[in-house]
Amino acid sequence: GIDCLNGGRYEEAERYFQQSLTLLPDRVSTLTNLATTQILLKKFSEARVSAQSALSIEPKSIEGWLNLGRAEQHEGRFSEAIKAFRQVLALGGPTALAWKRIAAASHAMGDCEAALQSYQTALNHAADDLEALANMGALLNELGRFSEALQFHDRALRLDAGNAEV
């Protein structure tokens, strides 16, 4: 399953993970890998179920909480996504990643100030995070704060001059 997942063969990976679960139904790593695969396949409600299954067995699974948050976010349940990403933070998971996901969910909910604060917190933990810099610049631009946006875009461009999205 892992080889298929890493090779981009997601349907095949999903089948392998599901087969593995028939033999070892309580294996958290298989459930989280299945959830990751289902997210990549855009099967978000199935991914949510897989992540919840992993968390019912191992409530401190950072990967389980990340997957749950991602599935919730893709399904438009932004408040639930934020709760999951905050759990990642509480468990000592990848701080910048969790704050970026909180920022994106806050932005999707229309809470631009919370999104700005969350992107800034992500950057406090990973100053050269290209995604956070670009998203912070885009959000500031959206808010009409052009000179501030330019500063973040400039920082992002210095990191990756060939990136057309910056």
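Calculation notes
Residues numbered from 1 in each chain as written. Predicted model: local features only at pLDDT ≥ 70, side-chain atom pairs only at ≥ 80, totals over all residues. Heavy atoms only, no water. Helix = DSSP H or I, 4+ residues; strand = E, 2+ residues; numbered from the N terminus. Buried < 20%, exposed > 50% of the residue type's maximum accessible area, 1.4 Å probe, protein only. Salt bridge = Lys/Arg side-chain N within 4 Å of Asp/Glu carboxyl O. Contact = heavy atoms within 4.5 Å.

A.B. asks: Sorry if this is basic, but what is going on with the overall build of the chain here?
C.D. replies: Helices and strands together make up the secondary structure of the chain, namely 10 helices and 0 strands. When the helices and strands of the chain are listed from N to C terminus, the series reads α-α-α-α-α-α-α-α-α-α. Projected onto the principal axes, the alpha-carbon positions of the chain cover approximately 55 × 30 × 25 Å. Expressed as a percentage of the 166 residues in the chain, the buried residues total 42%.

A.B. asks: Would you take a moment to explain the pattern of salt bridges for this structure?
C.D. replies: It is possible for side chains of opposite charge to pair when their charged atoms get near one another. Within this structure, the stated rule accounts for 11 salt bridges. Between E131 and K100 there is a salt bridge; the shortest N-O distance is 2.9 Å. Of this pair, E131 sits in helix α9 (residues 130-142) while K100 sits in helix α7 (residues 95-108); the two residues are 31 residues apart in sequence, bridging distant segments of the chain. Take E131: its relative accessible area is 33%, and that puts it in the partly exposed class. K100 gets classed as buried once you look at its relative accessible area, which sits at 8%. Here E148 makes a salt bridge to R145, at a shortest N to O gap of 2.8 Å. On the accessibility criterion, E148 (31% relative accessible area) is partly exposed. Here the salt bridges do not stand alone but share partners, grouping R48, E72, E75 and R77 into one network.

A.B. asks: How should the side chain of R48 be read in this particular structure?
C.D. replies: Take R48: it is sitting in helix α4 (residues 44-57). On the accessibility criterion, R48 (19% relative accessible area) is buried. In this structure, R48 is in contact with L68, A71, E72, E75 and R77, ignoring residues within four places of it in sequence.

Purely spatial values, then, with no claim about function.
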